[in-house]
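Okay, here's what each chain looks like letter by letter:
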Amino acid sequence: MATYDFIIVGAGIVGLSTAYKISESYPDLDILVLEKENSVAAHQTGNNSGVIHSGIYYKPNSYRAKNCVDGRHQLVDFCEQHGVDYEICGKVIVATEEEDIPRLNNIFETGQINGIEGIKKIDPQEVTEIEPYVTNSVKGIHVPCSGIVDFVGVCQQLRTLIKQNGNRVACGQEVTNIDQSKDELSVKTTTDSFYGSYLINCAGLYSDHVAESAGIQPDIQIVPFRGEYYELKAEVEHFVNGLIYPMPNPAFPFLGVHFTKMVRGAIECGPNAVFAFKREGYEKFSFDLEETIETLNFPGFYNLARKYWKMGLDEWYRSFSKRAFVKDLQKLIPSIRPEHLKPSPSGVRAMALKPNGEILDDFQFEVTDREIHVLNAPSPAATAGLAIGDEILKRAENTFI
């Protein structure tokens, strides 16, 4: 019976980055990564918009800010070293109303504090020079270090490197229970049992469930929100050169619809954000009764809904009205028309909520004498993945190693 030094739950970019960083620093340790799907990066990592975030929005000195900047540099170096597709195409953040300018200035100042290289405030003419079809701006910020990347390719390469280091990534292994004795942990899956000294939970959309299976009672719950997208048809892909973002609404916890150049060549438009009735609910009518009841029984969901119900109704309306979706896109590119769009796959965001409805907007870890549970890894977790791996390694060194 094999016993591993570390068992890591989840083969998204956070779990794989953690396994990779531990294996690089401690090559004599035996590491096992358990993934319930039959491939790596099957959920949040593989269903996001593929953006390399700069770190310009995040509260200075937060984990999000520090890990995003560090992780971005590590990610680009990793792609260069291992031949993963990426492009530093740059981003413009666009203010379309005079009343947006003070907030734009605040974002710029945050970017300066966070050390975002090359950022520059630009006037409408300069916006149009970068993105010719953005014709209604009053001010903008150019973020030249933002880009796009193949996150699935990153994860596949991480898996290869983990295996080359003598460790194992086991797919098709859904964790159902974690027991801790004096000397070791036993991790049961739907088909097998595994034994190890230490465990790291990087289960994303099910991080709270995995923690509960280990006897942890988190003070947060994951509530899923689906991000729905369109793509530009080929004949109008020239409308977008890179990344075009609106001014974020400070009263709403999402960035708003934007345009994203994709590594595979398409231009993605969106997302809107609607409550998903299933944690892995990528389709508009995806539904899981047990998970829906779980959410509806959680007071944090009601407190969130009470605060954002008007905006939530707008998001639902846009989910079923292509014209309403286009109307928001036209705030950035006025020449966009409904006939220019075709449906694109959706993603699901794991939003961690406290019982009072507060959104946990930074990384959160629960550490015991043998376990580290990553209970919240919000955007920019994909960009920051390698840096988060360093952070988890540091916590493991301080607690276990």
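You'll find the structure just up there.
Since the structure is predicted, the reported quantities are computational estimates derived from the model, not experimental observations.

(A) The sheet that holds strand β5 (residues 91–95), seen in detail. Overall, mixed pairing links the 8 strands, which are arranged β6-β7-β5-β14-β15-β16-β13-β17 in an open sheet. Of all the strands in the sheet, just β6 (120–122) and β17 (341–353) have a single pairing partner and so form its edges. Adjacent strand axes in the sheet meet at a mean angle of 30°, parallel and antiparallel pairs treated alike. Sheet topology places β5 next to strand β7 (residues 139–143); 5 bridges connect them, and they run antiparallel.

(B) Structural detail: helix α8 (residues 299–320). Compared with an ideal rise of 1.5 Å per residue, which puts 22 residues at 32 Å, α8 spans 27 Å between its outermost C-alpha atoms and falls more than 12% short. At Y308, α8 shows its maximal kink, close to 80°. Those residues of α8 lying buried are G300, F301, L304, Y308, E315, R318 and S319. The secondary structure elements touched by the buried residues of α8 are β13 (221–232), β16 (267–275), α7 (289–296), α9 (322–329) and β17.

(C) Spatial organisation of the packing of α8 against α9. Running from N to C, α8 and α9 point in directions that differ by 110°, and their axes come no closer than 5 Å. When the axes of α8 and α9 are compared, the pair comes out roughly perpendicular. Contacts between α8 and α9 involve Y317, R318 and F320 from the first element and K322, A324, F325 and D328 from the second. Among the residues making up the contact of α8 with α9, the classes are represented as 4 nonpolar, no polar and 3 charged.

(D) Summary view of the side chain of H43. Positionally, H43 belongs in the loop between β2 (31–35) and β3 (51–52). Accessibility expressed as a relative area gives 16% for H43, which makes it buried. Here E37 takes part through its side chain, which lies 2.7 Å from a polar atom of the side chain of H43. Within polar-contact distance, the side chain of H43 engages the side chain of Y282 at 2.6 Å. Non-local contacts of H43, meaning those with residues more than four positions away in its chain, are made with K36, E37, L205, E280 and Y282.

(E) Local environment of the packing of aromatic side chains. By the definition in use, this model includes 15 aromatic pairs. A ring pair is formed by F6 and Y198, whose centres lie 5.5 Å apart and whose planes are at 40°; its orientation type is tilted. One end of the pair, F6, is in strand β1 (residues 3–9); the other, Y198, is in strand β12 (residues 193–201), with 192 residues separating them in the sequence. On the basis of relative accessibility, which here comes to 21%, the residue Y198 falls in the partly exposed class. With 6.2 Å between their ring centres and 15° between their planes, W316 and F320 make a pair best called stacked. Here F320 and W316 lie together in helix α8, a separation of 4 residues that amounts to about one turn. Linked through ring pairs, F225, F275, F277, F285, F287, F301, Y302, W316 and F320 together constitute an aromatic cluster. A cation over a ring is seen here: K91 above Y245, with NZ or CZ 4.3 Å from the ring centre. The ring of F320 has K284 sitting right over it, with the charged end atom 5.0 Å from the ring centre.

(F) Spotlight on a nonpolar patch on the surface. On the surface, F277, F287, L289 and I293 cluster together into a nonpolar patch covering about 380 Å² of accessible area. Residue placement: I293 occurs in helix α7.

(G) Spatial organisation of the pattern of salt bridges. Taken as a whole and judged by the stated rule, the model has 17 salt bridges. Put simply, K21 and D390 hold a salt bridge, and the shortest N to O gap is 3.2 Å. One end of the pair, K21, is in helix α1 (residues 13–25); the other, D390, is in helix α10 (residues 385–399), with 369 residues separating them in the sequence. Residue R264 is joined to E231 by a salt bridge in which the shortest nitrogen-to-oxygen separation is 2.7 Å.

(H) Representation of unusual backbone geometry in the model. A cis geometry characterises the amide bond from G270 onward to P271, with omega recorded as 0°. With respect to the helices and strands, P271 occurs in strand β16. In this structure, P380 follows S379 across a cis peptide bond, with omega equal to 20°. For P380, the location among the structural elements is in the loop between β19 (371–376) and α10. Phi is positive for A41, which is not a glycine, with a value near 55°. Mapping A41 onto the fold places it in the loop between β2 and β3. Phi is positive for N61, close to 70°, though the residue is something other than glycine. Along the chain, N61 falls in the loop between β3 and α2 (63–82).

(I) Summary view of the environment of C202. Positionally, C202 belongs in the loop between β12 and α6 (207–213). Under the relative-accessibility criterion, C202 is labelled buried at 10%. Setting aside chain neighbours within four positions, we find C202 in contact with I8, V9, G10, V14, G15, T18, V374 and I392.

(J) Quick peek at the pairing of β19. The element β19 is largely enclosed, with a buried count of 6 among its 6 residues. Both β12 and β19 contribute to a ladder of 3 bridges, which runs parallel. By the bridge assignment for β19, I200 is matched with I372. Hairpin connection between strand β18 (residues 364–367) and β19: a loop of 3 residues separates the two successive antiparallel strands.

Calculation notes
- Residues numbered from 1 in each chain as written.
- Predicted model: local features only at pLDDT ≥ 70, side-chain atom pairs only at ≥ 80, totals over all residues.
- Heavy atoms only, no water.
- Pairing = 2+ DSSP bridges.
- Helix = DSSP H or I, 4+ residues; strand = E, 2+ residues; numbered from the N terminus.
- Axes fitted to C-alpha atoms, helices over the stretch in contact; angles between N-to-C directions.
- Expected span 1.5 Å × (residues − 1).
- Bend = angle between axes of the 7 residues up to and from the residue.
- Buried < 20%, exposed > 50% of the residue type's maximum accessible area, 1.4 Å probe, protein only.
- Contact = heavy atoms within 4.5 Å.
- Parallel < 35°, antiparallel > 145°, perpendicular 65-115°, else oblique.
- Nonpolar A, V, L, I, M, F, W, Y, C, P; charged D, E, K, R; others polar.
- Polar contact = N/O pair within 3.5 Å; in protein donor to acceptor, adjacent residues only side chain to side chain.
- Phe/Tyr/Trp six-rings, centres within 6.5 Å; stacked < 30°, edge-to-face > 60°.
- Lys NZ or Arg CZ within 6 Å of the ring centre and 35° of its normal.
- Patch = residues over 30% accessible without salt bridge, like charges linked within 9 Å, V, L, I, M, F, W, Y side chains within 5 Å.
- Areas by Shrake-Rupley, 256 points an atom, 1.4 Å probe, with all protein chains shown as cover.
- Salt bridge = Lys/Arg side-chain N within 4 Å of Asp/Glu carboxyl O.

Purely geometric numbers; function is a separate question.
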